[in-house]
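Descriptive structure summary
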Amino acid sequence: MTSSAIRRTIIALWAAVALAGTAGAQKLDEGLLDLAWFGREVEFRKTDEIDYLWVKPGFDLTGRTLHVDAWDDPVMLAKKKRDPKDAAKASELTDTFPGRLRGALSHSLDGIATVSRKEGDVVVTGRIVDCNAGSKAAKWIVGMGAGASNATWDLKFVDRATGELLLAVHHRAISGTTMSEIDDKIIKWLEKFGDILKHGASRTYEKGKAARE
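Rules of the game
- Residues numbered from 1 in each chain as written.
- Predicted model: local features only at pLDDT ≥ 70, side-chain atom pairs only at ≥ 80, totals over all residues.
- Heavy atoms only, no water.
- Phe/Tyr/Trp six-rings, centres within 6.5 Å; stacked < 30°, edge-to-face > 60°.
- Lys NZ or Arg CZ within 6 Å of the ring centre and 35° of its normal.
- pLDDT = per-residue confidence, 0-100.
- Contact = heavy atoms within 4.5 Å.
- Salt bridge = Lys/Arg side-chain N within 4 Å of Asp/Glu carboxyl O.
- Helix = DSSP H or I, 4+ residues; strand = E, 2+ residues; numbered from the N terminus.
- Buried < 20%, exposed > 50% of the residue type's maximum accessible area, 1.4 Å probe, protein only.
- 1 Å grid on protein atoms, 1.4 Å probe; cavity = no way out; pocket = protein on both sides within 12 Å on 5 of 7 lines; lining within 4 Å.
- Points joined across faces, edges and corners; volume = space filled by probe spheres on them.
- Nonpolar A, V, L, I, M, F, W, Y, C, P; charged D, E, K, R; others polar.
- Polar contact = N/O pair within 3.5 Å; in protein donor to acceptor, adjacent residues only side chain to side chain.

**Topic: the packing of aromatic side chains**
- The final tally for this structure, using the stated rule, is 9 aromatic pairs.
- Here a set of aromatic residues connected by ring pairs shows up, and it is made of Phe59, Trp71, Phe97, Trp153, Phe157, Trp189 and Phe193.
- Its guanidinium or amino end placed over the ring of Tyr205, Arg45 lies 4.3 Å from that ring's centre, counting from NZ or CZ.
- The ring of Trp37 carries Lys156 above its face, with NZ or CZ at 4.0 Å from the centroid.

Here's what the structure looks like:
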């Protein structure tokens, strides 16, 4: 067996063990955060900027290339049934999110790491796990939070060579007023997320509190 074949076998075995360990993994955020998608159990913490965050000890992006890959198809995990309008918005965000993420990280990590849509030693991907398109009419007519739109997503950074999870995120953005749309809230959050990575995600993680629900 060649060295490359041995390496692939080791990675496959590591992934199988990790997934087996998450078979009975708990779910947080009322079922929207499924630890199995991240490939292993991790200790998520709640922070001011990110609802649920986990960072591998020693995480450092200096000199690395981030491959911001296409996202998985939406998986609606909310207990409340969503309608076709919600599903359509979830699909739209799935298509647009990688490009927005790539743009935000290219700016914030300039001089630290390279961001690419085609290649890289760190694979960055995500998925929408819930989406409520809301109602513009309700926002205008009723107000007081009526018609609010929201989207919840998972995001992970994985070492391409080893398959090891480096960073895990679960977050929800909410637009409750006529002054913004959910897309605006996502773009604003991405700016904060890029800044967190620029200054070291471990610093934010260390300040967080353990997530119990």
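Picking up after the structure, the text goes on.
**Observations regarding the confidence of the model for the protein**
- With 79% of its residues at a pLDDT of at least 70, the protein reaches an overall mean of 86.
- The low-confidence segment residues 3-24 (pLDDT under 50) makes 19 contacts with residues lying over four places distant or belonging to another chain.
- Here residues 137-146 is a poorly scored stretch, pLDDT under 50, and it has 16 contacts once near neighbours within four places are set aside; other chains count.

**A word on the pattern of salt bridges**
- Counted according to the given criterion, the structure contains 10 salt bridges.
- Two residues, Asp183 and Arg100, come together in a salt bridge whose shortest N-O distance is 3.0 Å. Placement of the pair is Asp183 in helix H4 (residues 182-199) and Arg100 in helix H2 (residues 84-108), with a sequence separation of 83 residues.
- Look at Asp183 and you get buried, because its relative accessible area is 12%.

**Overview of unusual backbone geometry**
- The backbone phi angle of Asp29 is positive, close to 50°, even though this residue is not glycine.
- The topology assignment puts Asp29 in the loop between strand S1 (27-28) and strand S2 (33-34).
- For Glu30, which is not glycine, the phi dihedral falls at a positive 55°.
- Within the secondary structure layout, Glu30 lies in the loop between S1 and S2.

**Description of the layout of surface pockets**
- If you add up the space inside the largest pocket, you get close to 180 Å³.
- Lining the largest pocket, in full, are Asp48, Glu49, His171, Arg172, Ala173, Ile174, Lys185, Lys188, Trp189 and Lys192.
- Residues that form the lining of the largest pocket fall into these classes: 3 nonpolar, 1 polar and 6 charged.

**Quick word on the environment of Asp121**
- Structurally, Asp121 can be placed in the loop between strand S6 (114-116) and strand S7 (122-132).
- Accessibility expressed as a relative area gives 29% for Asp121, which makes it partly exposed.
- Dropping the residues within four chain positions of it, Asp121 is found in contact with Arg64, Thr65, Val158, Asp159 and Arg160.
- Polar side-chain contacts of Asp121 include one of 2.8 Å to the side chain of Arg64.

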